[in-house]
Amino acid sequence: MTENIDHFFLVREDMLTEAMQKTLEAKRLLENEPSTTIGDAVQKVGLSRSAFYKYRDAILPFHTMSQAKIITLSILLQDKSGALSKLLGVVAETQSNVLTINQTIPLQGRANVTLTVDTTMLSSDVKSLMQRIKEMKAVEKVELVGSGTGSANKDK
């Protein structure tokens, strides 16, 4: 079984195809002019909508990639009604954005929850977020299992 793994490359802009460059230009228009529609943006830059949709999620300016701060937390959570909801509430209160949630089937009254969280807008620091999670009644253990940068995709 072959896993589909994303590979990322840093490429100079002048080496990108014309369609990729125009996609970046259209995305800049959309970001800087909120009233602009995708149709208007692609028309202004001379790009087809299909080419825009083909590349829009795959090509990002480097500064966008470096601004997103993504962490992965492993949490041992007691199997209690509402525990996951409360956990997500704590994360939301810190202005963080949950990207993925994976939960095992509860065994012996506990489930392992893995959260991948974009902390770009985090209102405190990661240690404070982890401490708040640790203080929850239903949480037995919290570990930071990964951190780094990822894509902050804010397309329309």
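Above this text is the structure in question.
The notes below deal with the structure included here. What you are looking at is a predicted structure, and each value in this text was computed from that prediction instead of being measured. (Residues numbered from 1 in each chain as written. Predicted model: local features only at pLDDT ≥ 70, side-chain atom pairs only at ≥ 80, totals over all residues. Heavy atoms only, no water.)

Looking now at helix H6 (residues 126-134). Among all positions of H6, only Leu129, Met130 and Ile133 are buried. End-on, the buried residues of H6 take up no more than an arc of 95°, which puts them together on one face. (Buried < 20%, exposed > 50% of the residue type's maximum accessible area, 1.4 Å probe, protein only. Helix = DSSP H or I, 4+ residues; strand = E, 2+ residues; numbered from the N terminus. Arc of directions from axis to C-beta.)

Right, let's talk about the pattern of salt bridges for a bit. Applying the stated criterion to the full structure yields eight salt bridges. The partner of Arg12 in a salt bridge is Asp14, with the nearest N and O atoms 2.8 Å apart. The same class applies to Arg12 and to Asp14, which are both exposed. Glu143 serves as the salt-bridge partner of Lys141, at 3.8 Å between the closest nitrogen and oxygen. Lys141 sits in the partly exposed class, given a relative accessible area of 43%. For Glu143, a relative accessible area of 36% corresponds to the partly exposed category. (Salt bridge = Lys/Arg side-chain N within 4 Å of Asp/Glu carboxyl O.)

Okay, the nonpolar core next. In this structure, Leu73, Ile75, Leu87, Leu115, Ile133, Val139 and Val142 are the most contacted members of the largest nonpolar core, which totals 19 residues. Contact partners of Ile75, with chain neighbours within four places excluded, come to Leu87, Ala111, Asn112, Val113, Leu115, Ile133, Val139, Lys141 and Val142. Counting residues in each nonpolar core, the second largest holds ten residues, with Leu29, Ala41, Ala51 and Phe52 among its members. (Core = buried A, V, L, I, M, F, W, Y, C linked by side-chain atoms within 4.5 Å. Contact = heavy atoms within 4.5 Å.)

Before going further, it helps to spend a moment on the packing of helix H1 (residues 18-32) against helix H2 (residues 38-45). One way to put it is that H1 packs onto H2 with a least axis distance of 9 Å and a crossing angle of 135°. Taken together, the axes of H1 and H2 lie oblique to each other. Like other packed secondary-structure pairs, H1 and H2 cross with a definite hand, here right-handed. Residues Lys22, Glu25, Ala26, Leu29 and Leu30 of H1 touch H2, and the partners they reach there are Ile38, Ala41, Lys44 and Val45. Here the contact of H1 with H2 is composed, by residue class, of six nonpolar, no polar and three charged. (Axes fitted to C-alpha atoms, helices over the stretch in contact; angles between N-to-C directions. Parallel < 35°, antiparallel > 145°, perpendicular 65-115°, else oblique. Left-handed = near helix turned anticlockwise from the far one by under 90°. Nonpolar A, V, L, I, M, F, W, Y, C, P; charged D, E, K, R; others polar.)

By themselves, these observations are geometric and do not establish any function.
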